[in-house]
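Overview (structure and organization)
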Amino acid sequence: MTKYVFVTGGVVSGLGKGITASSLALLLKSRGYKVFMQKFDPYFNVDPGTMNPIQHGEVFVTYDGCETDLDLGHYERFIDEELNYTSNITSGKIYSSVIEKERHGDYLGATVQLVPHITNEIKNKVYEAGITSKADIVITEIGGTVGDIESQAFIESLRQIQYEKGTSDTCFVHTTLIPYIIGSNELKTKPTQNSVKDLQNMGIRPNFLVCRTPFETSDSIKEKLSLFCNLPKSNIIDCVDAKNIYEIPLNLHKQKIDELILKQFNLKENKANLKDWCDLINRMDNLKDEVDIALVGKYVELHDAYLSVAESLRHAGYKYHTKVNIHWINSEFLEKENINLKEVFKNIQGILVPGGFGNRGINGKIKAIEFARINNIPFLGICLGMQLAVIEFAKDVCGILDANSTEFDPLCKEAVIDLMSNQKTVINMGGTLRLGNYNCTIKKNTLAYKDYKEEHIKERHRHRYEFNNKYMDILESKGMVFSGINEESNLVEIIEIPKHKHFIACQFHPEFKSRPTRPHPLFDSFIKSSIDNK
Ligand code: GLN
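Before going into details, it helps to say that this report is about the structure given with it.

1. Points about unusual backbone geometry
Cis geometry is found at the peptide bond from V115 to P116, where omega equals 10 degrees. Relative to the assigned elements, P116 resides in helix 5 (residues 114-133). Phi is positive for N230, which is not a glycine, with a value near 70 degrees. The residue N230 is located in the loop between helix 8 (219-229) and strand 11 (236-240) in this model.

Here you go:
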């Protein structure tokens, strides 16, 4: 019998609901339970794949090829489990599925309505996650803030689940804010009281409050919240601002939230095994060295647009007891005519060009790649970063002056990067990229092989364009090595330049598989070389 934890948010957005949900999952897993996670997003896009990263942050891709909310990246990094298509459900998905069923005749005779058709569809998605994952506990985060019009159908569905399953199988954790008012110098509970009232008006009585606060709240605050919000003092948990998100599970554990949830579920409170996590925190608190990495992208004003890449760099740093300072460099800025690249990259030990779409800022990224190649600075290119590394090499080393990608110039003469053949008939933009896991075979005696130490790997993808194999011979003859190939489609997955200290780029997104306690091999070796480059 699967138990269900629902994490809602009140007062304001951006409280770290996703981190709370991930932390609970980590803690329950550490007590020996199989945990699965899921997020509901109230927007009408079917998935975030078509949204601008500046609005929404990065798109996280699951192994089975779902484009999902960036919170799923937190989930995977915290619980170290691979999530799937049942893990991110949007209003867009729910409504289109109900309308499809209506057209198919599944509801023949009925008037199709918000209740029960939409709410049943939502409930089914919760239960489906439980059934397919076979988890003991499913944790579902509801995007947005309680009281938003958009999320009401989700909240109503959860109310029904609470009624159907009862409190020993469902648990509601409401995350809220306790603001500190300068002047009166007090922590204030009223916004929390109001948001719990909103939730109660919709028929849900939260079992726990996780209160985001700048410092520990007092007994009297908890007493007040307990009285007005109708729950025991022990179930009011402080979530004090932390310097590092990975500390939060331990902070919540100290206040026994995991133990109390298991009690509510009548599940055994096995001892928590948090040794690896404590070691990680210890490592993070005792970093001995620093390394400076340039991340050259076009959405650098919103760091969330490169969230998993930044996390992966830091994970590799933890392994070497090194703090990774990320220098966010706007690629358009590098396009200025008399820019002095030596000055820009003066104190930089490694250059990374991440994924991206479209024309803007392309030449700045190519300039950064050229600079890394010529000056023997460790370089890691990801997806678009690999495609641009190929264009740069074709132009500057092989003399193919018109080398380009058909993404930027559909009529270009020398398309070293071209639309994949099966993409040529694609009409819809949403969900049609090459997505999720594909095999890659790694050549021996290459940097890639040295990093992975195995011949057959699987990595997650998100792209429409690919290396044009017509140019393989000429690039190879000038010193580029194609060290990773997808044999099923004969598609280049990894390139490298052995003459260079550390120059490697991949068509896939390694950042989705890095974990704080287990950095991804490509990030690991990139950071190691950058440290050695100091
Ligand atoms: N725009 C490129 C493509 O679609 C690269 C995509 C990416 O970097 N994720 O192939």
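On we go from here.
2. Looking at the sheet that holds strand 2 (residues 35-41)
Read across the open sheet, the seven strands follow the order 5-2-6-1-7-10-11; overall the sheet is parallel. Each edge of the sheet is formed by a strand with only one pairing partner; in this case those strands are strand 5 (88-90) and strand 11. Within the sheet, the average angular offset between the axes of one strand and its neighbour, ignoring direction, is 20 degrees. Across six bridges, the pairing between strand 1 (residues 3-9) and strand 7 (residues 170-177) is parallel. Along strand 7, the bridge assignment pairs G9 with T175. Most of the contacts of helix 3 (residues 71-79) go to strand 2, to which it runs at about 170 degrees, and overall it touches strand 2, strand 5 and strand 6 (137-142).

3. A few points about the pairing of strand 12 (residues 289-297)
Burial analysis of strand 12 places seven of its nine residues in the buried class, the great majority of the element. Summarising the sheet, strand 12 and strand 13 (residues 322-330) pair through nine bridges and their orientation is parallel. The residue of strand 13 that forms the bridge with E290 is K323. Crossover connection from strand 12 via helix 12 (residues 307-319) to parallel strand 13: handedness right-handed. Here strand 12 pairs with strand 14 (residues 350-353) via three bridges, running parallel.

4. With respect to helix 8
One turn of an α-helix holds 3.6 residues; hence residues three or four places apart share an orientation. Three or more residues of helix 8 are buried, namely I221, K222, L225, S226 and C229. Down the axis of helix 8, the sector holding all buried residues measures 135 degrees, keeping them to one side. The elements touched by buried residues of helix 8 are strand 9 (186-187), helix 7 (190-201), strand 10 (208-213) and strand 11. N230 sits one or two residues past helix 8 and shows a positive phi near 70 degrees.

5. A look at the sheet that holds strand 16 (residues 403-405)
Strand pairing in a sheet takes place through backbone hydrogen bonds and is either antiparallel or parallel in direction. Strand order across the open sheet formed by three strands is 16-17-20, with mixed pairing between neighbours. Each edge of the open sheet carries a strand with a single partner, namely strand 16 and strand 20 (465-467). Here the average twist between neighbouring strands, direction ignored, is 30 degrees. Of the strand pairs in this sheet, strand 16 and strand 17 (residues 414-419) are connected by three bridges, and their pairing is parallel. Looking at the pairing, A403 lines up with E414 of strand 17. Along the sheet, helix 15 (residues 384-396) contacts strand 16, strand 17 and strand 20; its crossing angle with strand 17, the most-contacted strand, is approximately 165 degrees.

The rules behind these values
Residues numbered from 1 in each chain as written. Predicted model: local features only at pLDDT ≥ 70, side-chain atom pairs only at ≥ 80, totals over all residues. Heavy atoms only, no water. Helix = DSSP H or I, 4+ residues; strand = E, 2+ residues; numbered from the N terminus. Pairing = 2+ DSSP bridges. Axes fitted to C-alpha atoms, helices over the stretch in contact; angles between N-to-C directions. Contact = heavy atoms within 4.5 Å. Buried < 20%, exposed > 50% of the residue type's maximum accessible area, 1.4 Å probe, protein only. Right-handed = clockwise from strand over helix to strand, strands pointing away. Arc of directions from axis to C-beta.

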